[in-house]
Amino acid sequence: MSEAQTIPLPRETGELVGHQAAESAMAEAVASGKIPHAWLITGPSGIGKATLAYRFARHILSGAGAAEDEGPGLFGDALPATPAGLHVPRDNPVFSQIAAGSHPDMLVVERGYDEKRKKMRGEIVIDDVRQIGSFLRLTPSLGGWRVVVLDSADEMNRNAANAVLKLLEEPPRQALLLLVSHAPGRLLPTIRSRCRAVRLGPLSDAQVAELLAKHLPELDQATSETLVALSEGSIGRALSLAAEGGIDALRELFRALESYPQIKDLAVLELADKWTRATKAEETDPFETGTALLDWWLGRIARDAASGDRPVDRVPGMGAAAEKLAAALGPAGIAERRAVISAMLGRGSRLSLDKRQMLMDAFQLLAPDHAGS
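Residues numbered from 1 in each chain as written. Predicted model: local features only at pLDDT ≥ 70, side-chain atom pairs only at ≥ 80, totals over all residues. Heavy atoms only, no water.

**What about the sheet that holds strand S4 (residues 106-109)?**
Move 1: Strand order in the open sheet formed by five strands is S4-S7-S8-S2-S9, with parallel pairing between adjacent strands. Edge positions in the sheet fall to S4 and strand S9 (196-199), since each of these pairs with one other strand and no more. Across the sheet, the mean angle from the axis of one strand to that of its neighbour is 15°, orientation sign disregarded.
Move 2: Relative to strand S7 (residues 146-151), S4 runs parallel, the two being bridged by four bridges. Bridge assignment links Val108 to a residue of S7, and that residue is Val149.
Move 3: Helix H2 (residues 20-31) contacts strand S2 (38-42) and S9 of the sheet and is inclined by roughly 155° relative to S9. (Pairing = 2+ DSSP bridges. Helix = DSSP H or I, 4+ residues; strand = E, 2+ residues; numbered from the N terminus. Axes fitted to C-alpha atoms, helices over the stretch in contact; angles between N-to-C directions. Contact = heavy atoms within 4.5 Å.)

**Examining the packing of helix H5 (residues 126-137) against helix H6 (residues 158-169)**
Move 1: The interhelical angle for the contact between H5 and H6, taken along N-to-C directions, is 15°, at an axis separation of 8 Å. Classified by the interaxial angle, the pair formed by H5 and H6 is roughly parallel. The hand of the H5/H6 crossing is left-handed. Residue-level inspection shows Ile126, Val129, Ile132, Gly133 and Arg137 of H5 in contact with H6, the latter providing Asn159, Ala160, Ala163, Val164 and Leu167.
Move 2: The residue inventory of the contact of H5 with H6, partitioned by class, reads seven nonpolar, two polar and one charged. (Parallel < 35°, antiparallel > 145°, perpendicular 65-115°, else oblique. Left-handed = near helix turned anticlockwise from the far one by under 90°. Nonpolar A, V, L, I, M, F, W, Y, C, P; charged D, E, K, R; others polar.)

**Section: empty space enclosed by the protein**
Move 1: Applying the stated criterion across every chain yields a total of one cavity of 30 Å³ or more.
Move 2: Of the voids in this model, the largest cavity is the one considered here, and its volume is about 40 Å³.
Move 3: If you trace the largest cavity, you find it lined by Trp297, Arg300, Ile301, Asp304, Pro311, Val312, Arg314, Met318 and Ala322.
Move 4: For the lining of the largest cavity, the secondary-structure elements that each account for two or more residues are helix H13 (286-307) and helix H14 (318-350).
Move 5: The dominant element in the lining of the largest cavity, judged by the number of residues it contributes, is H13, at four residues. (1 Å grid on protein atoms, 1.4 Å probe; cavity = no way out; pocket = protein on both sides within 12 Å on 5 of 7 lines; lining within 4 Å. Points joined across faces, edges and corners; volume = space filled by probe spheres on them.)

Coordinates in, geometry out; function isn't part of it.
Okay, here's the thing in structure tokens:
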């Protein structure tokens, strides 16, 4: 079994680590006899927001929300008192139904598949959210509530966001919307104002290490420590780095920057050949992995340079490359180039431009004397 196959999806995960305060607040809202119709669960990517959303959904659909609804309202629906916590055992039928994506009273909305481009869309469009209204207005199949998980809400385009806003303004009875958001600042203020906000923080290093040991017990200690250091408190990030060869990709990136501030074409060409090799359908794309890591790293060193933090050598060459870029460009220059590279790669991806050439262009943009920088 591959590493990617050992990683459970949020809907399959029974345990929640590190967010007891948020879970207690949600459980207390239920136990108080009133529950908001809409919740906005925010925080960095990969820390357990979707896991908490599914945990809450299981709690409501397993009977905590079975009482007669008293009518719509942001904080106005009566529910029976329940014990603290949202735990539902794995042998509960609701757990297996949600894990399989087959619960009749639950709808999950994510980015849809673009048939024309033969890949997942980059945003949630109105066709993806149009089904929510009709779903929520149906009579619950099992007599309780209907629950929608929207993951992630900040991926909605303007039309999709306006459609969701209309639902939040006039929520149907016995309807619960759980919005997961990595960047709530991208949402319409009117959407944020109509949701009960639950903010989750990054996990501790010890918690990330605990979860890594559980999901990837075959990892050696050195690799685990590196993943924890790179995770920034996100178990999702650590697991993705492990599954997608992220540590190797970072080593290759910093090897290509060894001669910085000079950009050596041969070193970049070697990297481009590795990151643009053909892959099978089930394999991760080295180009997507590598460019995502480049974007993350540039953002990291821009923040470190702005705050005066000394770069850390989490993988060989990382600290040296960060020091060279910070000295040559400064935090503002790094941030500016990061934005230009991100826009260039995004446009190139949409237009299906040559990936090899895009990587060459991205590295040239990092040169201190690059024209137009």
